[in-house]
Amino acid sequence: MTNSGVLADHQINAMIADGRISATVPITPDQIQPASLDLRLGSTAYRVRASFLAGRTRSVAARLQDFQMHAVDLKSGAVLEKGCVYVVPLLERLSLPAGMTAAASAKSSIGRLDLLTRIITDHGIEFDRVPEGYDGPLYVEICPRSFSVVAQQGQMLNQIIFRQGKTLMSDDELRTLHAQTPIVSGEPVISDGLGFSVDLRPEKGNLVGYRAKPHTGVVDLSKLNHYDPADFWEPVHTDDGWIILDPGAFYILVSREAIVIPPMQAAEMAPYLAMVGEFRVHYAGFFDPGFGYAEAGGTGSRGVLEVRCHEAPFVLEHGQVVGRLVYENMAAMPAALYGQEIKSNYQGQGLKLSKHFKA
């Protein structure tokens, strides 16, 4: 019987060995992170008229027949156009045991490209959530928001975690954890998770973020450290400790706090109260055990914020709380930590664009 908590890397391996996680192309070791599994695109993207959920009584394949416009072959790479919606069957499928659920999110680099990607399932009523005991295929909905992209079969845009039983830490448990192993620089703001704020007064200079340019070229997801940021992003500077967000614009900002995920915890970024302003901090996804952890080389790791302004221009001020991290217990100690013995692009990060852009 697996302990309650988020499954660790070696437990994910055991699920693969048991056939609980299977794939049409064998799963590779580099897909397995300390507390998550990277999911791969299949061979075909279906352009659809609108985003959809299957609903309790229907399969995704049946819904595709209702909404499909045309198919795009991804085997040698193809352009997915900005503003369009695509559904791609993934190579992986699940057969979850009783008591286990799964949750997905975009990988960090994908979120930083403003590439909306969400997992959908047969009979699904929520994005990015796989219900207990689900047995079936996985699909990803892709909607490029700021840039058109070139995507290819086998690329990993999303990650999935597996939850056995109760995983969430209460606020009291979080305070106890912080007293034992500090999870944030400074005094923690704990209310339904760990609150974090935006940094608009950097220690050096006045660069506080980047804003996506509206009319750019295409980003090939296979090309790393390749593109000149100036071709896709406008730097955002301020000497005043505040900026005005433009409606519809997409920004990359950074948290004021350095964040720590200890080895026996994982965390998920959650949206903050809608009442705090006319913007949304995107789900930057999951934080693996070891992110920001000193022994894994993560001292000073900040959270990168993907921010989109809504209907009205909005003044965002230094230190304004913009999101929260929900911490969860691990079911077991991972064999490897984020930033240690595995390729981790964002350990020790500050303000940073996705890995597709030159540093």
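Residues numbered from 1 in each chain as written. Predicted model: local features only at pLDDT ≥ 70, side-chain atom pairs only at ≥ 80, totals over all residues. Heavy atoms only, no water.

What to know about the overall build of the protein
When you go through the protein residue by residue, the secondary structure sums to four helices and 26 strands. On C-alpha atoms alone, the protein measures out to a radius of gyration of 20 Å, which is about the 21 Å that the 2.2 N^0.38 rule sets for 359 residues. Across its three principal axes, the protein shows a C-alpha extent of roughly 55 × 50 × 35 Å. Looking at the protein residue by residue over its 359 residues, the buried ones come to 54%. Summed over its atoms, the accessible surface of the protein is roughly 15,400 Å², and 50% of this surface lies on carbon and sulfur atoms. Taking the average location of the 32 positive side-chain charges in the protein and that of its 39 negative ones, the two points are 5 Å from each other. (Helix = DSSP H or I, 4+ residues; strand = E, 2+ residues; numbered from the N terminus. Rg over C-alpha atoms; globule rule 2.2 N^0.38 Å. Buried < 20%, exposed > 50% of the residue type's maximum accessible area, 1.4 Å probe, protein only. Areas by Shrake-Rupley, 256 points an atom, 1.4 Å probe, with all protein chains shown as cover. Lys, Arg positive; Asp, Glu negative; His and termini not counted. Charge placed at Lys NZ, Arg CZ, Asp CG, Glu CD.)

Considering the state of the cysteines
Tallying each qualifying case throughout the model produces zero disulfides. Of all cysteine sulfurs in the structure, the one in C143 sits closest to C84, which takes part in no disulfide; the separation is 7.7 Å. (Disulfide = S-S within 2.5 Å.)

Structural notes on the environment of K107
Position of K107 among the secondary structure elements: in the loop between β8 (100-106) and α3 (108-111). A polar atom in the side chain of K107 sits 3.1 Å from the side chain of D38. (Polar contact = N/O pair within 3.5 Å; in protein donor to acceptor, adjacent residues only side chain to side chain.)

Notes on empty space enclosed by the protein
To find the voids left in a structure, one rolls a probe of water-molecule size over its atoms. Within the structure shown, the criterion is met by one cavity of 30 Å³ or more. Of the pockets and cavities examined, the largest cavity occupies roughly 40 Å³. Elements supplying a minimum of two residues to the lining of the largest cavity: β21 (265-271) and β23 (286-287). Residue composition of the lining of the largest cavity, by class: six nonpolar, one polar and two charged. (1 Å grid on protein atoms, 1.4 Å probe; cavity = no way out; pocket = protein on both sides within 12 Å on 5 of 7 lines; lining within 4 Å. Points joined across faces, edges and corners; volume = space filled by probe spheres on them. Nonpolar A, V, L, I, M, F, W, Y, C, P; charged D, E, K, R; others polar.)

A word on unusual backbone geometry
Unlike most non-glycine residues, H123 shows phi in positive territory, near 60°. Along the polypeptide, H123 turns up in the loop between β9 (115-121) and β10 (129-130). The phi dihedral of D192 is positive, around 55°, even though this residue is not glycine. Mapped onto the fold, D192 is located in the loop between β14 (189-190) and β15 (194-197).

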